[in-house]
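# Topology and contacts: notes
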Amino acid sequence: MPLALLALAVGAFGLGTTEFVMMGLLPDVADDLHISIPTAGHLVSAYALGVVIGAPLLAALTARLPRRRVLISLMALFVAGNALSALAPGYDSLLAARFLSGLPHGAFFGVGAVVATGLVAPERKARSVSLMFMGLTVANIAGVPVATLMGQHLGWRATFLGVSLIGVAAMAAVFFLIHPTHTPAPTTGLRGELTALRSLPVWLALATTVVGFGALFSAYSYITPMLTHSAGYAEGSVTLLLALFGVGATIGNLVGGRLADHAMRGTLFGGLASMVAVLLLFPLLMRAEWSAALAVVLLGVAAFITGSPLQLMVMERAAAGPSLASSANQAAFNLANAGGAWIGGVALAAGFGVTSPSLAGAALAVLGLGVASVAYAVDRRREVPAPAHVRIVASHVPEPVEPAHSS
């Protein structure tokens, strides 16, 4: 695998850290800005909204630019957003800065995935995407816990300054490790990107992302009350357990990338099926501390097995203009975050128990399998065989006639 993939992983590490660290900093931010915890929670939503809007918008605006320049520009916007977050004088300005920080997130992953697959042989495309995504999963192991501790001891503003420095390092890595000849400007332009996005298989792949990862976030959004109220962990142990989720996600991401290069569709179906099984077992596994820790790891493995296959499937279905569709898949991921959390909350509010969001997630994973099956059927129908008359003519080519020999 080329060293250039490291540059993309560094950028993904910074993006993953700033996306998830706010959840651990909410009490500190709320105390400092004199706002309530629910109000501070809007800072998480502002980032997600920035991702959903920025992913297709920035991919469209940069459709004709060289992709190396696009990646550096997106990281520059990321650095600016986090620096402004650190310097925000009040809640409203911090809310705006968080929205700005989220704008380049989806476009970076979308364009980065296109660049990653262009750096390797066709049989290694899924692995190249998984190595870029590894920056995101490792952020849950190291980036988020370290950034949270930094915020708790040095103040939450120091966290965002630190993340800004990660963004600067990513810009330097992209500049020095990715050669301009490997990232030429796309020839299709915006019209080609939009044309590719009109394909039904592309939208079915995006729908699979929304529903499949919605299953993950239905449970993961409420993992803390499950661990404390059901498994019996102290609140101080949750940060370490969430790092275990990152370990599982990293394993699943690497395994999924390798398997998808051999059988992309099979890996996707296997990942979704394993997510159904893990989420159905969650109420049982959350009855003891050791099994709850195992459940957290297994959830990360099962969910992220599907990450690389889904990203690659969207790109292949939009082969004529993959950047916009690839970025739209990141917007779909964040829609899954919001939608899954809402569905899990509905299960909790209905009084079905603290582990009920996992069962709602299992139902979403089953629905994801259904959408993936429809996508498979549509792909099969579009594989048009050669016309019948061509096959008939080809099968009735007359044998050559040997010339008669004179006696």
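Residues numbered from 1 in each chain as written. Predicted model: local features only at pLDDT ≥ 70, side-chain atom pairs only at ≥ 80, totals over all residues. Heavy atoms only, no water.

## Looking at the overall build of the protein chain
Definition in use: Elements are defined by DSSP. Helices are runs of H or I of four residues or more, strands are runs of E of two residues or more, and each kind is numbered from the N terminus. Our radius of gyration is a C-alpha quantity, and the globule rule it is checked against amounts to 2.2 Å times the number of residues to the power 0.38. Here's how the labels work: a residue is buried when its accessible area is under 20% of the maximum for its type, exposed when over 50%, partly exposed in between, all with a 1.4 Å probe on protein chains only.
Helices and strands together make up the secondary structure of the protein chain, namely 16 helices and zero strands. What you see for the protein chain is a C-alpha radius of gyration of 24 Å, in line with the 22 Å of a compact globule of 407 residues. Projected onto its principal axes, the C-alpha positions of the protein chain cover 110 × 50 × 30 Å. By residue count, 53% of the 407 residues in the protein chain fall in the buried class.

## Things to note about helix H9 (residues 223-230)
To keep it simple, the criterion reads: Throughout, a contact is declared for two residues whenever any of their heavy atoms are within 4.5 Å.
Within H9, the full set of buried residues consists of Ile223, Met226, Leu227 and Thr228. Those residues of H9 hidden inside the fold are in contact with helix H8 (200-220), helix H10 (238-260), helix H11 (264-285), helix H12 (289-305) and helix H15 (356-382). Glycine 232 sits one or two residues past H9 and shows a positive phi near 90°.

## Thoughts on the side chain of serine 327
Tracing the backbone shows serine 327 in helix H14 (residues 322-349). Those residues within four positions of serine 327 in sequence are excluded, and the remaining contacts are Ala55, Ala59, Gly106, Ala107, Gly110 and Val111.

## Quick word on the nonpolar core
Note the following rule: By nonpolar core we mean a set of buried residues, namely Ala, Val, Leu, Ile, Met, Phe, Trp, Tyr and Cys, connected to one another through side-chain atoms within 4.5 Å.
One finds Leu216, Leu227, Met275, Phe282 and Met286 to be the most contacted residues of the largest nonpolar core, which totals 57 residues. Of all the secondary-structure elements, those providing two or more residues to this core are H8, H9, H10, H11, H12, helix H13 (307-317), H14 and H15. Once residues within four sequence positions are removed from consideration, methionine 286 is found in contact with Ile223, Met226, Leu227, Ser230, Ala231, Ala292, Ala295, Val296 and Thr355. Within the second largest apolar cluster, 39 residues are counted, among which are Leu58, Val70, Phe109 and Val111.

## Overview of unusual backbone geometry
Of note, histidine 34 is a non-glycine position whose phi angle comes to about 60°, a positive value. Summarising the element assignment, histidine 34 is placed in the loop between helix H1 (4-33) and helix H2 (37-61).

## Structural notes on a nonpolar patch on the surface
So the rule is basically this: Nonpolar side chains (Val, Leu, Ile, Met, Phe, Trp, Tyr) are joined into patches within 5 Å and like charges within 9 Å, using only residues with over 30% relative accessible area and no salt bridge. Using the Shrake-Rupley algorithm and a 1.4 Å probe, accessible areas are obtained, with residue cover drawn only from the displayed protein chains. Any Lys or Arg side-chain nitrogen found within 4 Å of a carboxyl oxygen on Asp or Glu counts as a salt bridge.
A cluster of nonpolar residues, Leu3, Leu6, Phe175, Phe176 and Leu177, forms a patch on the protein surface that exposes about 530 Å² of accessible area. Per-element tally for the nonpolar patch: the top contributor is helix H6 (residues 156-177), with three residues. Along the chain, leucine 6 falls in helix H1.

## Description of the confidence of the model for the protein chain
Which entries qualify depends on this criterion: Values of pLDDT, which run from 0 to 100, indicate the predictor's confidence residue by residue.
With 91% of its residues at a pLDDT of 70 or more, the protein chain has an overall mean of 85. Note on residues 384-399: pLDDT is under 50 here. Beyond four places in sequence and across chains, it has two contacts.

## Regarding the packing of aromatic side chains
Condition: Working definition: a ring pair exists when centres of Phe, Tyr or Trp rings (six-membered ring for Trp) sit within 6.5 Å. Plane angles under 30 degrees give stacked, over 60 give edge-to-face, the rest tilted.
Per the stated rule, a full pass over the model turns up nine aromatic pairs. Measuring from centroid to centroid gives 6.4 Å for phenylalanine 108 and phenylalanine 109, while their planes differ by 85°, and the two rings are edge-to-face. By relative accessible area, which is 1% here, phenylalanine 108 ends up buried. Of the residues examined, phenylalanine 109 reaches a relative accessible area of 1% and is grouped as buried. Of the aromatic side chains, those joined through ring pairs into one cluster are Phe213, Phe217, Tyr220, Phe245, Phe304 and Phe333.

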